[in-house]
Amino acid sequence: MAKKRKRKQKRTRRTHKYQIREHPQNMRLGNMLDDLGDVHNHFLALEKRYYRRYGLYAGRYRLQPHLTKLLKRTKHHWAWIPRDTLDEVIVRIHITYERFFDGLGGLPKFKRKDRYRSAKFESAYKLEEGRVRISFKAWDESSQTFKFNKRWFSFHQHREWKGHVRYIQILRDAVGTFWLYVVSDDASTDPYSATGESVGIDFGMDTYLTLNTGEKIEHPQPLKQSLTELRKLNKSLSRKVKGSNNWWRAVRELARLYRHIANQRKDWHWKLATNLCKRFDTIVTETLNLDGMKRLWGRKVSDLSFGQFVEILKFKCFKHKREFLQIGQWTPTTKPCSDCGYHNKNLTLDDRQWTCPECGSHHDRDINAAINILRAACGPSVEQM
Ligand SMILES: [Zn+2]
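Quick caveat, the model's predicted, so the values are computed rather than measured. (Residues numbered from 1 in each chain as written. Predicted model: local features only at pLDDT ≥ 70, side-chain atom pairs only at ≥ 80, totals over all residues.)

### Let's talk about the packing of helix α3 (residues 60–72) against helix α4 (residues 83–101)
Piece 1. Where α3 meets α4, the closest approach of the two axes is 10 Å, and the angle between their N-to-C directions is 155°. With respect to their mutual orientation, α3 and α4 come out roughly antiparallel. The element α3 and its partner α4 pack so that their crossing is right-handed. The residues of α4 that touch α3, namely those facing Arg-60, Leu-63, Gln-64 and Leu-67, are Leu-86, Asp-87, Ile-90, Val-91 and His-94.
Piece 2. Considered class by class, the residues forming the contact of α3 with α4 number five nonpolar, two polar and two charged. (Axes fitted to C-alpha atoms, helices over the stretch in contact; angles between N-to-C directions. Helix = DSSP H or I, 4+ residues; strand = E, 2+ residues; numbered from the N terminus. Parallel < 35°, antiparallel > 145°, perpendicular 65-115°, else oblique. Left-handed = near helix turned anticlockwise from the far one by under 90°. Contact = placed C-beta atoms within 7 Å. Nonpolar A, V, L, I, M, F, W, Y, C, P; charged D, E, K, R; others polar.)

### Considerations on the confidence of the model for the protein
Piece 1. Confidence in the prediction for the protein averages 90 pLDDT; 95% of positions are at 70 or higher.
Piece 2. In the predicted structure, residues 1–10 sits below a pLDDT of 50 and forms zero contacts with residues beyond four places in sequence or in another chain.
Piece 3. Below pLDDT 50 for its whole length, residues 381–385 participates in nine contacts with residues either more than four positions away or in separate chains. (pLDDT = per-residue confidence, 0-100.)

### With respect to the domain arrangement of the protein
Piece 1. Each assigned domain of the protein is listed with its residue range as follows: domain 1 (2–185) and domain 2 (190–224 + 261–385).
Piece 2. One C-alpha centre belongs to domain 1, the other to domain 2, and the line joining them spans 39 Å. (Domains from an automatic or database assignment.)

### Structural notes on the pairing of strand β4 (residues 131–140)
Piece 1. Strand direction decides the pairing type here: strand β3 (residues 125–128) and β4, joined by four bridges, are antiparallel. Of the residues in β4, the one forming a bridge with Tyr-125 is Ile-134.
Piece 2. Note: β4 against strand β5 (residues 145–154), 10 bridges, orientation antiparallel. Paired with Phe-136 across the two strands is Asn-149, which belongs to β5.
Piece 3. Hairpin geometry of β4 and β5 is characterised by an intervening segment of four residues between the two adjacent antiparallel strands and by a positive phi of about 55° at Gln-144. (Pairing = 2+ DSSP bridges.)

### Regarding the sheet that holds strand β9 (residues 209–211)
Piece 1. Reading across the sheet, the five strands line up as β10-β9-β8-β11-β12 and stay open at both edges, with mixed pairing between neighbours. Looking along the sheet, the strands with just one partner apiece sit at the ends: β10 (216–217) and β12 (323–327).
Piece 2. Two strands pair when backbone bridges link them, and β9 and β10 are joined in this way by two bridges, in the antiparallel orientation. Looking across to β10, one finds that Thr-210 is bridged to Lys-216.

### Considering the packing of helix α6 (residues 227–239) against helix α7 (residues 245–279)
Each pair of packed helices can be summarised by the angle the axes make with each other and by the distance between the axes.
Piece 1. Following both chains from N to C, one finds α6 and α7 inclined at 165°, their axes separated by 9 Å at the closest point. In terms of their interaxial angle, α6 and α7 are classed as roughly antiparallel. Taken as a pair, α6 and α7 cross one another with a handedness that is left-handed. Along its contact with α6, which presents Glu-229, Leu-230, Leu-233, Asn-234, Ser-236 and Leu-237, the element α7 presents Trp-247, Ala-250, Val-251, Glu-253, Leu-254 and Leu-257.
Piece 2. Here the residues of the contact of α6 with α7 are counted per class, giving eight nonpolar, two polar and two charged.

### Considering the nonpolar core
The nonpolar side chains of a soluble globular protein tend to be buried with one another.
Piece 1. Judged by nonpolar contacts, the single largest core of 28 residues is most densely connected at Leu-36, Phe-43, Val-89 and Leu-180.
Piece 2. Counting only elements with at least two residues in this core, the list comes to α2 (26–54), α3, α4, β2 (118–121), β4, β6 (165–172) and β7 (178–185).
Piece 3. Among the elements that line this core, the one with the most residues is α2, at seven residues.
Piece 4. Those residues in contact with Val-89, other than ones at most four positions away along the chain, are Leu-36, Val-39, His-40 and Phe-43.
Piece 5. Counting residues in each nonpolar core, the second largest holds 24 residues, with Phe-203, Ala-273, Phe-280 and Ala-369 among its members. (Core = buried A, V, L, I, M, F, W, Y, C linked by C-beta atoms within 7 Å. Buried ≥ 20, exposed ≤ 12 C-beta atoms within 10 Å, placed from the backbone.)

### A closer look at unusual backbone geometry
Piece 1. Unusually for a residue other than glycine, Gln-221 sits at a positive phi of about 45°.
Piece 2. Note that Gln-221 resides in the loop between β10 and α5 (222–225).
Piece 3. Using a count of 17 C-beta atoms within 10 Å as the deciding quantity, one classes Gln-221 as partly exposed.
Piece 4. The phi dihedral of Lys-321 is positive, around 55°, even though this residue is not glycine.
Piece 5. Structurally, Lys-321 can be placed in the loop between α10 (306–319) and β12.
Piece 6. Given 13 C-beta atoms within 10 Å, Lys-321 falls into the partly exposed group.

### A short note on the sheet that holds β6
Piece 1. Pairing within the open sheet is antiparallel, and its four strands lie in the order β1-β7-β6-β2. Here the strands that pair on one side only, and so sit at the sheet edges, are β1 (13–19) and β2. This sheet shows a mean twist of 20° between the axes of neighbouring strands, independent of strand direction.
Piece 2. In terms of strand pairing, β1 meets β7 through seven bridges, oriented antiparallel. Residue pairing for β7: Lys-17 is matched across the bridge by Tyr-181.

Here you go:
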């Protein structure tokens, strides 16, 4: 029940991502994330120690009061960061543990502090056109109290966000670029006009998407395209002295290429999802067993990134008021003949084409599957024919 509620809430949240302009002051953001990495490691270690001693899970409601004490005594140097941002680190550990107890994920891990990626601000910020103010704190010797130390960061506001802003996040990526995420309540939709068309989509390793109309869509596979470039950069990295300035430059160079590849992939996914949403009222796909596919196919699955595409497609369908359906993982879609329903038990993975012994119709394996997928969700099942 709780899970369902959360998912529904998420739907109305929308995140806008903006690049924070480079400025020497951004070092402050970097230092903050480094410190948050320290906080994360400190509290995770504490959680583990608590468990060893008492055999109990401490949880955020024991840890947060402890943070208050730490800030006054030994960890004075964390106190410049807004309190809700520090608390969020503990909340995240708490959420990861809860997911673990529910069997939904792994245990939280210790992080290298320069790998700590994001900070959440719920109150200590102010947004204006193209800039954001963050209220850090600074110790004032004369009054022996903390004074606000407000800092502005400008960002490239390429589009507007809508609705009430819930919170913001500052992110640091592997290249060292800082990003601002603005998360707002926004359930607005932008319905496309009805086309009266439905489509069944079969995902595949050889052909990315096959539609029941017979259309086949190939994936550009950006990682594969950049493999030579990647090897070159990796080689250049391995020749450098680890930890030297040149080595760090090569690390960033490599990270930049990976970011570029990820952007290319995402861009193509958005465009494809838009195209499908414009053309069809109802979109039907299979539920994918992503973990199984990764084990079987490795790098190629990551490059095709089915999971990301499905998420984007789901969102686009919600936004443009299209129906998005997923049929169960165990619904047979490949083997039944889409014309007469004959179950072809002898079909192997290598048979790209086959002829139905019952009705004699000739099938392309993927198109046949796409037709069955559409029918499983929208039409009478093949068995009933
Ligand atoms: Zn047949």
